[in-house]
Each structure stands twice: as structure tokens, then as C-alpha cells.
Amino acid sequence: GIQVEQSPPDLILQEGANSTLRCNFSDSVNNLQWFHQNPWGQLINLFYIPSGTKQNGRLSATTVATERYSLLYISSSQTTDSGVYFCAVERSRGSQGNLIFGKGTKLSVKP
Amino acid sequence: EAQVTQNPRYLITVTGKKLTVTCSQNMNHEYMSWYRQDPGLGLRQIYYSMNVEVTDKGDVPEGYKVSRKEKRNFPLILESPSPNQTSLYFCASSMITPGRIYAQYFGPGTRLTVT
């Protein structure tokens, strides 16, 4: 099946720093999403981005589908950015609706 | 307010005692899905539904059942829970078009402990 790998697994930043999280996938996909799980466990959709670039405030994401990767950029990080960031993909061949998640990047932003 | 609700939020039960975790969404979404989250394994899909009466297995369906009799509800049923089903469970929903699922909205999670 499709493999989804996220890097780095852990990241510690000082408040105000920038960071880039990566999501690699092993097959063509219809759908790629980024999520943030806050320290209380809540999962929030950040971006729906099967291709191209999107920005939302201090966060932006780019997916290069032909090269099978996506990047999530966090600029001027804040302590509220702490948590785990997941990417998830839906493969373009086979079972529509079957979503595969990466294991996540755990981000800690220190004041 | 657009939301996905799950009940109960916390549940401790014993091996073999049937249980149901409910999930409901008020966004008229066609697609609904159940996930379990375990340390070191991330989120794994259990079952999903593309519409009423249409369900399919995800990556870890063993020991679970689902039904989709109404668009807004997608209950997860554990007929005979076992300790390896101790986990954090999430329900999610989204819009779909042919060939594409859109941004998913997650419920708050249900923490299940099976002793």
C-alpha cells in the first residue's frame, strides 16, 4: 500500500523561529491534507492541498504531486503552534475514501 | 455551529461487553470515517462511508462494525471489545465530489479503555 512518511519526527523551536515540515508519499494521490493536533487532543484541518500552494496567516503549504511530497511552513512560531502535525493522503488508484496518515511531526515551541 | 459530535467522550468497559460509540455531524456531509489513534502508530482508518448505506473497510477494521442508516450518523460498534481495542477514537466527516474527498472535520475524540 501507499507509504506516508513525515519528517522530522520531533522538532523544538524557540518562539519566533520558522520551520518546515515535510510529508513524502509513495504513490500518486487525489487528496492531501494537513492537520494540527493540539496538546488537548483536538484535530484541526489546516490545509486541503492536493497540489499547488496555499497560505493561511503564518502557515503555508505546498504540494508537488509529481514529485510526491508536501511541505508545511510555519513562520514566526508561537507557543500555541505546539502539538503534532499530520499529513494524510487519499490514493488516486483503488479505494476512494481510504485515507492514510503519516505518523506526525511533534512540534514544541518554547517561550 | 458546524460540528462533529461523539459520545461518550470517555468509556471504561470490560472485555466482551458490547458497546457503541455514536458520531453525528450537522454539515450534511456525505463522507464519514472512523479512526483510532495509538502511541507510535499515528491515526489509522477503521471504516468509512461515502454515503447512506455505503460503507467500506479501512486499514484496521477487525473487531469493529459500522452502519450508515442516516446521513448525519455513523455509529461505531464493538461487538466483543478486547484490551487491544483500548485507544483514542476519532470520527470525521467531509464533503465529497466524484473522485475527491475534501477537508475533513474531526469530532473531539472518545477515549476507550477495555479491561
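Just above, that's the structure.
Residues numbered from 1 in each chain as written. Chains lettered and ligands numbered in written order. Predicted model: local features only at pLDDT ≥ 70, side-chain atom pairs only at ≥ 80, totals over all residues. Heavy atoms only, no water.

### Looking at the overall build of chain A
Scanning chain A from terminus to terminus reveals zero helices and 11 strands. Across chain A, helices and strands are ordered from the amino to the carboxyl terminus as β-β-β-β-β-β-β-β-β-β-β. By the compact-globule yardstick of 13 Å for 111 residues, chain A fits well, its C-alpha radius of gyration being 14 Å. Dimensions along the principal axes, computed over C-alpha positions, put chain A at roughly 45 × 25 × 20 Å. (Helix = DSSP H or I, 4+ residues; strand = E, 2+ residues; numbered from the N terminus. Rg over C-alpha atoms; globule rule 2.2 N^0.38 Å.)

### A look at the sheet that holds strand 7 (residues 65-66) of chain B
Reading across from one edge, 1-3-8-7 (chain B) is the order of the four strands in this open sheet, with antiparallel pairing throughout. Looking at strand neighbours, the two that pair on one side only are strand 1 (4-7) and strand 7 of chain B, the edges of this open sheet. (Pairing = 2+ DSSP bridges.)

### As for the packing of aromatic side chains
All names here are of chain B. One pass over the structure, following the stated rule, counts 10 aromatic pairs over all chains. Geometrically, the ring pair formed by F90 and F106 is edge-to-face, given 6.1 Å between the ring centres and 85° between the ring planes. With F90 in strand 9 (residues 87-94) and F106 in strand 12 (residues 105-106), the pair connects residues that are 16 residues apart, well separated along the chain. Both residues of the pair, F90 and F106, count as buried. (Phe/Tyr/Trp six-rings, centres within 6.5 Å; stacked < 30°, edge-to-face > 60°. Buried < 20%, exposed > 50% of the residue type's maximum accessible area, 1.4 Å probe, protein only.)

### Focus: the nonpolar core
Formed by 22 residues in total, the largest nonpolar core has its most connected members in W34 and V89 of chain A. Those elements that provide at least two residues to this core are strand 2 (10-14), strand 3 (19-25), strand 4 (29-37), strand 7 (59-64), strand 8 (69-74), strand 9 (83-91) and strand 11 (105-110) of chain A. For V89 of chain A, the contacting residues outside a window of four places in its chain are I2, V4, F25, V29, N31, L32, N98, L99 and I100 of chain A. Among the nonpolar cores identified, the runner-up in size contains 19 residues, and W34, Y47, F74 and L78 of chain B belong to it. (Core = buried A, V, L, I, M, F, W, Y, C linked by side-chain atoms within 4.5 Å. Contact = heavy atoms within 4.5 Å.)

### Overview of the state of the cysteines
In this structure the tally under the stated criterion is two disulfides over all chains. Residue C23 of chain A pairs covalently with C87 of chain A via a disulfide, S to S 2.0 Å. The sign of the S-S torsion, about 75°, decides the handedness of the disulfide formed by C23 of chain A and C87 of chain A: right-handed. Taken as a pair, C23 of chain A in strand 3 and C87 of chain A in strand 9 lie far apart in primary sequence, 64 residues in all. On the basis of relative accessibility, which here comes to 0%, the residue C87 of chain A falls in the buried class. Residue pairing for C23 of chain B: its cysteine sulfur links by disulfide to C91 of chain B, the two sulfurs lying 1.8 Å apart. Taking the torsion about the sulfur-sulfur bond, which here is approximately -75°, the covalent link between C23 of chain B and C91 of chain B counts as left-handed. Placement of C23 of chain B in strand 3 (residues 19-25) and of C91 of chain B in strand 9 is noted, with a sequence separation of 68 residues between them. (Disulfide = S-S within 2.5 Å.)

### Here's the deal with unusual backbone geometry
That bond from S7 of chain A to P8 of chain A is cis: its omega, -10°, falls within 30 degrees of zero. If you trace the backbone, P8 of chain A turns up in the loop between strand 1 (4-7) and strand 2. For the bond from N7 of chain B to P8 of chain B, the omega torsion is -5°, close enough to zero to count as cis. Unlike most non-glycine residues, R68 of chain A shows phi in positive territory, near 60°. The residue R68 of chain A is located in the loop between strand 7 and strand 8 in this model. Look at R68 of chain A and you get partly exposed, because its relative accessible area is 34%. The phi angle at S76 of chain A is positive, at roughly 45°, despite the residue not being glycine.

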